[in-house]
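Remarks on the overall topology
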Amino acid sequence: MIRGLKSVRPMMMMIKRSKPSPKIQIAPKSTSPKVDLIEADVGYLGTKYFHYMNFGLLAAFPIVLVAPKVIQTPIELALCLFFPAHAHISMNYVISDYVPRSIQR
């Protein structure tokens, strides 16, 4: 094994080294507290609101089915706002994951 390494080393010295490739810079995740309505899946707050909406919708929907009319009406109004917002953010996630970048812009 050592004999083989001795013969490989001079050959490695003869190989012309190319220029080092430029380092790829990856943009850091956004932690800014802004909410973008068009690109709703970008940013810390958009993701945070999306996750809170998941839990809120999970709890509110069964309550609406069994609650009396007095409690049911305000929860239904809240659901009228949260279901479209939840669907909008979800579709932004789907589009950004599965649609090629060249088509998105």
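Small disclaimer: the values here were computed from a predicted structure and weren't measured.

Focus on the confidence of the model for the protein
In the predicted model, the protein carries a mean pLDDT of 77, and the fraction of residues at 70 or more is 63%. Of all the helices and strands in the protein, helix α1 (residues 2-14) carries the lowest mean pLDDT, 56, while helix α3 (residues 69-98) carries the highest, 90.

Some details on the packing of helix α2 (residues 44-66) against α3
It is at 9 Å that the axes of α2 and α3 come closest, and there the two elements cross at 140 degrees. As summarised for this structure, α2 and α3 are arranged oblique, according to the angle between their axes. The way α2 lies across α3 gives a crossing that is left-handed. Of the residues in α3, those in contact with Gly46, Thr47, Phe50, Met53, Asn54, Leu57, Ala60, Phe61, Ile63 and Val64 of α2 are Gln72, Ile75, Glu76, Leu79, Phe82, Phe83, Ala85, His86, Ile89, Ser90 and Tyr93. Looking at the contact of α2 with α3, its residues break down into 14 nonpolar, six polar and one charged.

Cut-offs and rules
- Residues numbered from 1 in each chain as written.
- Predicted model: local features only at pLDDT ≥ 70, side-chain atom pairs only at ≥ 80, totals over all residues.
- Heavy atoms only, no water.
- pLDDT = per-residue confidence, 0-100.
- Helix = DSSP H or I, 4+ residues; strand = E, 2+ residues; numbered from the N terminus.
- Axes fitted to C-alpha atoms, helices over the stretch in contact; angles between N-to-C directions.
- Parallel < 35°, antiparallel > 145°, perpendicular 65-115°, else oblique.
- Left-handed = near helix turned anticlockwise from the far one by under 90°.
- Contact = heavy atoms within 4.5 Å.
- Nonpolar A, V, L, I, M, F, W, Y, C, P; charged D, E, K, R; others polar.

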